[in-house]
Amino acid sequence: MIVRDLGIIALSTILVHNFVLSQFLGICPFLGVSKKLDTALGMSGAVIFVMTVASAVTWLVNRYLLAPNSLAYMQTISFILVIAALVQFIEILMKKFMPPLYNALGIYLPLITTNCAVLGVALLNMRDYPDSLARATVHGLAGGLGFMLALVLFAGVRERLELCDVPECLEGLPITLISAGLVSLSFFGFQGLFA
Amino acid sequence: MSDNAENKAAGGGASGSAGALDAANAGGSAGANLLTVFRNGLLDENPTFRLILGTCPTLAVTTSAVNGVGMGLSAMAVLICSNIVISLIRNLIPDTVRIPAFITVIAGFVTIVDLLLHAFVPSLYSALGIFIPLIVVNCIILARAEMFACKNSVARSAADGLGMGVGFTAALILIGSLREFLGNGTIFGIDLTQRLFSPAALMLLPPGGFLAYGAVLAVINKVTRNKTAVVGCDACPLRCGMKDGERAGLADARGNGGAV
């Protein structure tokens, strides 16, 4: 039962409520690092990792530190500090114990503190899954995977867009946003997948 | 001054900060000076249309003009307060921990705004949802702390916060009105079309956000004939991923027009 539940949370977070394309979380990196496929993959890897760990840690912080002391109003401030510290910590650990992974993801890690998808997933977990660590963590993981899916798909679109001849006033960001709108529209087809 | 003009022409909006600051410093009386800082945030370096910062709330909450006003004013309140406080304590913060310190200050004010909205404007509070607490990671606020407030006097920082805040609010109202008009036939809830056409509900859905923002930017580019040079994280003057050496290198690059 729980497995089925987690599966539904994962699929709906990746496809139906995609963090980037339908919830508008993490747009800055989505626009910033989707120019090339390899940077898109590196950034997504780092985001998946941090979102999963941050989901679990912020859930535990809320459950065992904030909730018992009725400090729920401190969620925002404590979560952002937890995330900042966590990113720093992960960076140090990775550098020490997993140099290849650090070389691949390292430069993207510090960017993630201010990625609103990470703080967003922590806050959404408090709203939607305050009672289940497993669900919150899967939600974080799936949010990261959805971010990767959107980023990788869009990197492909943008690589083609480079070759197109667009009107001058649309060059750069405007055409990128409009293409993102079309990709988002295609994801709209998943709406109603879990009626 | 001619250098500044060149910077602007070469680098578009994103890198204009240094140039605009010099221009502001060169200005005459203190009042005119503050006005320049304010105008800079509103027009020359409009956070939404020139610097392309804070894209997430711009896209997410602009389903109606009222939501745009709410988000814009909330962010403005946080921006002005955090700019003032950061400017006050700028000489006390050690350089190495300044980003966490800024985030803590900002998060404090966001919590205040969050609680106030929850208490007094519950309908807006539920419409904006998690994007109220997410003001903490709104790059506009952190970027102004890093780029402006920690280098300038309290009055100038407050003027900058006000200008940037008004610029952000105006941009959100513009995009919000456009989406509300096309998607619902109304602006600020007033029916303007008298059911002359059937509204395209798509504009209220997520794809509509991207389309409207892209279209407005394209029109602005057409009118000003000055392309937005950099996109997303590239435009963020924070460059959070940069090591100190790169940061210094970037400062040089910024002087030369900034596009990295």
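Above this note sits the structure.
Residues numbered from 1 in each chain as written. Chains lettered and ligands numbered in written order. Predicted model: local features only at pLDDT ≥ 70, side-chain atom pairs only at ≥ 80, totals over all residues. Heavy atoms only, no water.

Draft legend 1. Structural context of the packing of helix α7 (residues 133-161) of chain A against helix α8 (residues 173-187) of chain A. Residues and elements named next belong to chain A. It is the contact of α7 with α8, at a shortest axis distance of 11 Å, that shows an interaxial angle of 130°. In terms of orientation, α7 lies oblique with respect to α8. Here α7 and α8 pass one another in a crossing that is right-handed. Where α7 approaches α8, its residues L149, L153, F154, V157, R158 and L161 are matched on the opposing element by I175, T176, S179, A180, V183 and F187. (Axes fitted to C-alpha atoms, helices over the stretch in contact; angles between N-to-C directions. Helix = DSSP H or I, 4+ residues; strand = E, 2+ residues; numbered from the N terminus. Parallel < 35°, antiparallel > 145°, perpendicular 65-115°, else oblique. Left-handed = near helix turned anticlockwise from the far one by under 90°. Contact = heavy atoms within 4.5 Å.)

Draft legend 2. Up close: the packing of helix α5 (residues 65-88) of chain B against helix α8 (residues 139-149) of chain B. All names here are of chain B. It is the contact of α5 with α8, at a shortest axis distance of 10 Å, that shows an interaxial angle of 30°. By the angle class used here, α5 and α8 are roughly parallel. Relative to α8, the crossing made by α5 is right-handed. Only I140, I141, R144, A145 and A149 of α8 make contact with α5, whose side of the interface consists of A75, V78, L79, S82, N83, I86 and S87. Counted by class, the contact of α5 with α8 contains eight nonpolar, three polar and one charged residues. (Nonpolar A, V, L, I, M, F, W, Y, C, P; charged D, E, K, R; others polar.)

Draft legend 3. How the structure looks around the side chain of A:T13. All names here are of chain A. Assignment of secondary structure puts T13 in helix α1 (residues 2-16). Note on T13: relative accessible area 3%, which makes it buried. Not counting residues up to four positions away in its chain, the partners in contact with T13 are N18, F19, H139, A142 and G143. (Buried < 20%, exposed > 50% of the residue type's maximum accessible area, 1.4 Å probe, protein only.)

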